[in-house]
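# Coordinate inspection notes
Okay, here's what each chain looks like letter by letter:
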Amino acid sequence: MPQRRLFPPTLPKGGLYVLILRVARPVRVTVGRLGRQDFKPGSYFYVGTAKTPRMPSRLARHFAKTKTVRWHIDYLTELDAVEPVGAVIVAGRTSECALNMEVGRLSGMVTTMPGFGSSDCTRRPRCPAHLWFSAAEINVAAIERHVGSWFFHARQR
Ligand SMILES: [Zn+2]
């Protein structure tokens, strides 16, 4: 994927990540089998995994507006009202669900969409969702402090 050139060479090539999105205005969108969903303005945090060496192309995909919609998160990231803020990349860990639940325990995080992104969950019971919402300002430092990581800002591309 040509977008790969846009990332710094130090970007980890694989691992867990927390994609951070800002939704500017209320949006209503059909999310596959989850049906019609309302997204409130605020910050959204999506926890995923990219197998080595796919991290750059995965982030490029999340940041792109034009793509073939395949995953739940694509229904959100393709919207004009949804701005990709960046991603916290978590090196040296492999349990996406454990990281997901840690993010969900951060101050102000709530699930607004049960089942979103959690169809591939390895945790039992399944995570409520792999997408978290916070009405508060995005505090990347707090996330980094809690999950130990590397922040990539979407605008640095
Ligand atoms: Zn999970």
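Preceding this paragraph is the structure being described.
In this report, the structure presented in the accompanying data block is examined. (Residues numbered from 1 in each chain as written. Predicted model: local features only at pLDDT ≥ 70, side-chain atom pairs only at ≥ 80, totals over all residues.)

### Topic: the overall build of the chain
- The helix and strand tally for the chain stands at four helices and seven strands.
- Listing every helix and strand of the chain by position from the N terminus yields β-β-β-β-α-α-β-α-β-α-β.
- For the chain, whose C-alpha radius of gyration is 14 Å, the value lies close to the compact-globule estimate of 15 Å for 157 residues.
- The dimensions of the chain, computed from C-alpha atoms along their principal axes, are 40 × 30 × 30 Å.
- When the 157 residues of the chain are sorted by exposure, 31% land in the buried category.
- Long-range pairs, those at least 24 residues apart, make up 72% of the contacts in the chain between residues at least 6 apart in sequence. (Helix = DSSP H or I, 4+ residues; strand = E, 2+ residues; numbered from the N terminus. Rg over C-alpha atoms; globule rule 2.2 N^0.38 Å. Buried ≥ 20, exposed ≤ 12 C-beta atoms within 10 Å, placed from the backbone. Contact = placed C-beta atoms within 7 Å.)

### Concerning helix α3 (residues 96–104)
- Regarding α3, the residues found buried are E96, L99, N100 and V103. Across the axial projection of α3, the buried residues extend over an arc of 105 degrees, all falling on one side. (Arc of directions from axis to C-beta.)

### A closer look at the nonpolar core
- Among the nonpolar cores identified, the biggest contains 35 residues, and Y17, V18, F45 and A87 are the most heavily contacted of them.
- Taken together, the elements giving at least two residues each to this core come down to β1 (15–23), β4 (42–50), α1 (55–63), α2 (72–77), β5 (82–90), α3 and β6 (131–134).
- With six residues, the single largest contributor to this core is β1.
- For V18, the residues in contact, after removing those within four places along its chain, are F45, V47, A87, V88, V103 and I143. (Core = buried A, V, L, I, M, F, W, Y, C linked by C-beta atoms within 7 Å.)

### Description of the sheet that holds strand β7 (residues 150–153)
- A sheet is described by the order of its strands in space; here five strands give the open sequence β6-β4-β1-β5-β7, paired in antiparallel fashion. In this open sheet, the two edge strands, each paired with only one partner strand, are β6 and β7. Across the sheet, the mean angle from the axis of one strand to that of its neighbour is 25 degrees, orientation sign disregarded.
- Summarising the sheet, β4 and β6 pair through four bridges and their orientation is antiparallel. Bridging from a neighbouring strand, S43 pairs with S134 of β6.
- This element, α1, spans β1, β4, β5 and β7 of the sheet and lies at about 160 degrees to β5.
- Contacts between α3 and the sheet are confined to β1, β4, β5 and β6, with β4 contributing the most and set at about 165 degrees to the helix. (Pairing = 2+ DSSP bridges. Axes fitted to C-alpha atoms, helices over the stretch in contact; angles between N-to-C directions.)

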